[in-house]
Amino acid sequence: MGPATSYIRLAPRPQRSQSERMPSPESLRERDDLVVEVGDLVGHAGRIRDVSGSRQASLRLGESKLEGPLQVDGRVVGTLDGVQAEFSASGSVHLSCVRCLAEWDEQLEVSGSQHFSIDPDEDGYAIEGTTVDVFGPAQDEFALDIPVAPLCQDDCRGLCPICGSDLNSDPCDGHGEDSDSPFAVLKDLLDS
Ligand SMILES: [Zn+2]
Ligand SMILES: [Zn+2]
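Every value quoted in this text rests on a predicted model; they were computed, and no experiment measured them.

1. Focus on the pairing of strand β5 (residues 103-117)
Remark: a regular strand shows side chains that alternate across the two faces of the sheet. Across 15 bridges, strand β4 (residues 82-96) lies against β5 in antiparallel orientation. Within β5, the residue paired with F87 across the bridge is G112. Counting the residues that bridge the hairpin from β4 to β5 gives 6 residues, and of these L101 lies at a positive phi of roughly 70°.

In structure tokens:
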């Protein structure tokens, strides 16, 4: 008995009408996954809708910056007077060491939450129509965690203030012996 020959039958593709295949620019604009319909969640405590999407962000804190997509994942939960958004936000941050000026990219992830009701809160977040936009609070939370004074390593030795060489990789030793240096003068006094 030889092995049975099996066939993979390809299901015919469902035919779609032209209008379904080509979304109009208006419907493309409305398809932002971080704008969540909450009309059926408000007042229904515990009803949950998952949220996931990304949007381009431009954040700068000192020399640290995010220029690119900010990914937001989480859920929106109904409360008695609105909805509670619980989210995580992640993105790649470009950092520059404040001591030695080395640059690198680092993936950062933060989590947070935001309550939306009909009345705007102190940050201006509110239910708009029947939707909430989770991106704003997620971006705010992310910005709070971007390091203002990043270090390439905790004990970064920085740059030599005299010759500018990177003391992590290229320690210099010549300046201490300068006759102008107050330390050299002190050393001379101690030696004599
Ligand atoms: Zn450094
Ligand atoms: Zn030096």
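2. Some remarks on the environment of L66
Counting through the fold element by element, L66 comes out in strand β3 (residues 64-78). By C-beta crowding, L66 is classed as buried, having 22 other C-beta atoms within 10 Å. In sequence terms L66 and Q56 are 10 residues apart; their C-alpha atoms lie 9.4 Å from each other. Look past the residues within four positions of L66 in its chain and what remains in contact with it is A57, L59, G91, V93 and I146.

3. Describing the environment of H175
Note on placement: H175 falls in the loop between α3 (135-145) and α4 (182-191). For H175, a count of 14 C-beta atoms within 10 Å puts it in the partly exposed group. Between the C-alpha atom of H175 and that of C160, which follows or precedes it by 15 residues, the distance is 9.7 Å.

4. Some words on α3
Those residues of α3 that fall on the buried side of the exposure criterion are F135, P137, A138, Q139 and F142. In this structure, the buried residues of α3 make contact with β2 (48-61), β3, β4, β5 and β6 (131-133).

5. Comments concerning the nonpolar core
Residues V38, V72, V76, V83, V132, V134 and A138 are the most contacted members of the largest nonpolar core, which totals 27 residues. Mapped by element, the contributors of at least two residues to this core are β2, β3, β4 and α3. Looking at this core, the element that brings in the most residues is β4, giving 6 residues. Those residues in contact with V132 that lie beyond four places of it in its chain are V36, V38, V76, V83, A85, F116 and I127.

What counts and how
- Residues numbered from 1 in each chain as written.
- Chains lettered and ligands numbered in written order.
- Predicted model: local features only at pLDDT ≥ 70, side-chain atom pairs only at ≥ 80, totals over all residues.
- Pairing = 2+ DSSP bridges.
- Helix = DSSP H or I, 4+ residues; strand = E, 2+ residues; numbered from the N terminus.
- Buried ≥ 20, exposed ≤ 12 C-beta atoms within 10 Å, placed from the backbone.
- Contact = placed C-beta atoms within 7 Å.
- Core = buried A, V, L, I, M, F, W, Y, C linked by C-beta atoms within 7 Å.

Remember that the coordinates give geometry; whether it matters functionally is a separate question.
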